[in-house]
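Architecture and fold: a report
Read off the chains here:
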Amino acid sequence: MVGGLALVASAQQVTVTSNSRLLKGVEGPAYYPVLNSTGSQLLFASGDAYGLKIYDFADNVVNRISDEPGAGIDATFNANGDVYYVTQKVGEGNLVYRTGMRFDKATAKSEVVLEAQHGYVRPDVGTSGNGFKGAKKSLAPSKSVGTSVCVQGSKLFITTNGVTKEYTPVESYAGYLWASLSPDGKKVAFFAAGKGVVVTDLNGKVLSMLGKYEMPCWYNNDYLVAQNAKDDGHQFTSSQIMLIKADGSFKTNLTSATSMSMQPTSAAGKIVYTTIDGLLYQMTININE
């Protein structure tokens, strides 16, 4: 039985078919890339304040969405192509106030959809629409959203047809980050501090623990890409992009540990990532099973 499993694993091959720079000579450092579901547009954070920009692959054009501090860090695409993002400002007593914003692709203008509040504001990303979960007030996706997922603290919130349920699939004192739904909306992946990447079903049942990787993103319904970064307590010493099967049966590196590649995003067969210096790359792969 063990020999059979080894034979299956060894027969599985992943080939990087292309890997090239994006926006070379056009943009300065770019971080936190996010592809839309069709892979036709890319959000990224730029500048020292992490303002938000959007790149259209077909038109080869970059447009600025917001210069507000932090706008590019938690930005997401809505199912209809609008962009949801969070801005932050320091108010009285040095308290940070966060505002939920929506960028309308039709008018190319932004509007406030969740008023400024002290405390966290996190994206609530769904199969048909987005919202925000806030410390005091939230913006729920519409009931027609299908399924949505978000995390806060050590809690995983899964909404199905307007009903939200709260789960703690694994213990994690420092909390959860980077929750996302598989493309078919049937599985959830997130990062649990101290535990790594966790995959659950829509009832919060743990399906697999994939190891101590970060920033997981679904490549398709069966695979995820993630960041494998090491540090010495002060700075990164290595970072690479990994491909991991969602059931935990296979993993391989897509970039070298010395490449300092990080923050992957994936959609429609594309993988986009950045480097520690803020250089964007686009990769395609072939999985032979």
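Summary of the structure given here.

Rules of the game
- Residues numbered from 1 in each chain as written.
- Predicted model: local features only at pLDDT ≥ 70, side-chain atom pairs only at ≥ 80, totals over all residues.
- Heavy atoms only, no water.
- Helix = DSSP H or I, 4+ residues; strand = E, 2+ residues; numbered from the N terminus.
- Rg over C-alpha atoms; globule rule 2.2 N^0.38 Å.
- Buried < 20%, exposed > 50% of the residue type's maximum accessible area, 1.4 Å probe, protein only.
- Areas by Shrake-Rupley, 256 points an atom, 1.4 Å probe, with all protein chains shown as cover.
- Lys, Arg positive; Asp, Glu negative; His and termini not counted.
- Charge placed at Lys NZ, Arg CZ, Asp CG, Glu CD.
- Pairing = 2+ DSSP bridges.
- Disulfide = S-S within 2.5 Å.
- Contact = heavy atoms within 4.5 Å.
- Phe/Tyr/Trp six-rings, centres within 6.5 Å; stacked < 30°, edge-to-face > 60°.
- Lys NZ or Arg CZ within 6 Å of the ring centre and 35° of its normal.
- 1 Å grid on protein atoms, 1.4 Å probe; cavity = no way out; pocket = protein on both sides within 12 Å on 5 of 7 lines; lining within 4 Å.
- Points joined across faces, edges and corners; volume = space filled by probe spheres on them.

**A few points about the overall build of the chain**
- Counting its secondary structure elements, the chain contains one helix and 25 strands.
- Against the globule reference of 19 Å for 289 residues, the chain gives a C-alpha radius of gyration of 19 Å, in line with a compact fold.
- If one aligns the C-alpha atoms of the chain with their principal axes, the spans along those axes are about 60 × 45 × 40 Å.
- Across the 289 residues that make up the chain, the buried fraction comes to 48%.
- With the model as given, the accessible surface of the chain reaches about 14100 Å², and the carbon-plus-sulfur share is 50%.
- For the chain, the centre of its 25 positive side-chain charges and the centre of its 24 negative side-chain charges are spaced 4 Å apart.

**Let's talk about the pairing of strand S3 (residues 41–46)**
- The element S3 is extensively covered by neighbouring structure, given that six of its six residues are classed as buried.
- Here strand S2 (residues 30–35) folds back onto S3, and the loop between the two strands holds five residues, one of which, Gly-39, carries a positive phi near 75°.
- Examined bridge by bridge, S3 and strand S4 (residues 51–56) share six bridges and lie antiparallel to one another. Paired with Gln-41 across the bridge in S4 is Asp-56.
- The turn linking S3 back onto S4 is made up of four residues, and Gly-47 within it adopts a positive phi angle of 80°.

**Some thoughts on the pairing of strand S12 (residues 147–152)**
- With respect to burial, S12 is a largely interior element, six of its six residues being buried.
- The alternating pattern of S12 places Thr-147, Val-149 and Val-151 and Ser-148, Cys-150 and Gln-152 on opposite faces, both of which are buried.
- Note that strand S10 (residues 121–126) and S12 share two bridges and pair antiparallel. Looking at the pairing, Gly-126 lines up with Ser-148 of S12.
- Across six bridges, the pairing between S12 and strand S13 (residues 155–160) is antiparallel. Its bridge partner lying in S13, Ser-148 is registered against Thr-159.
- Between S12 and the antiparallel strand that follows it, S13, lie two residues; Gly-153 among them carries a positive phi value of about 60°.

**Looking at the state of the cysteines**
- Tallied over the entire structure, the rule returns zero disulfides.
- In this structure Cys-150 is a free cysteine whose sulfur lies 17 Å from that of Cys-217, the closest cysteine sulfur available.
- In this structure Cys-150 comes out as buried when scored by relative accessible area, which is 2%.
- A relative accessible area of 15% places Cys-217 in the buried class.

**A look at the environment of Gln-282**
- Take Gln-282: it is sitting in strand S25 (residues 281–288).
- Residue classification places Gln-282 among the buried residues on the basis of a relative accessible area of 17%.
- Gln-282 has contacts with Ser-18, Asn-19, Ser-20, Leu-22, Phe-57, Lys-270, Ile-271 and Val-272, leaving out every residue within four places of it along the chain.

**Focus on the packing of aromatic side chains**
- For the coordinates displayed, the defined rule picks out seven aromatic pairs.
- Look at Tyr-84 and Phe-132: their rings are 5.7 Å apart centre to centre, the planes differ by 45°, and that puts the pair in the tilted class. Placement of Tyr-84 in strand S7 (residues 83–90) and of Phe-132 in strand S11 (residues 130–134) is noted, with a sequence separation of 48 residues between them. Each member of the pair, Tyr-84 as well as Phe-132, is classed as buried.
- Taken together, the aromatic side chains of Tyr-31, Tyr-32 and Tyr-50 make up a single cluster linked through ring pairs.
- Directly above the aromatic system of Phe-157 lies the positively charged group of Lys-133, at a separation of 4.4 Å from the ring centroid.

**What to know about the layout of surface pockets**
- Looking at the largest pocket, its volume works out to about 1400 Å³.
- Val-34, Thr-76, Val-125, Ala-179 and Ser-180 are the residues nearest the centre of the largest pocket, which is lined by 45 residues in total.
- Counting only elements with at least two residues in the lining of the largest pocket, the list comes to S2, strand S6 (76–77), S10, S12, strand S15 (176–181), strand S19 (214–218) and strand S23 (261–267).

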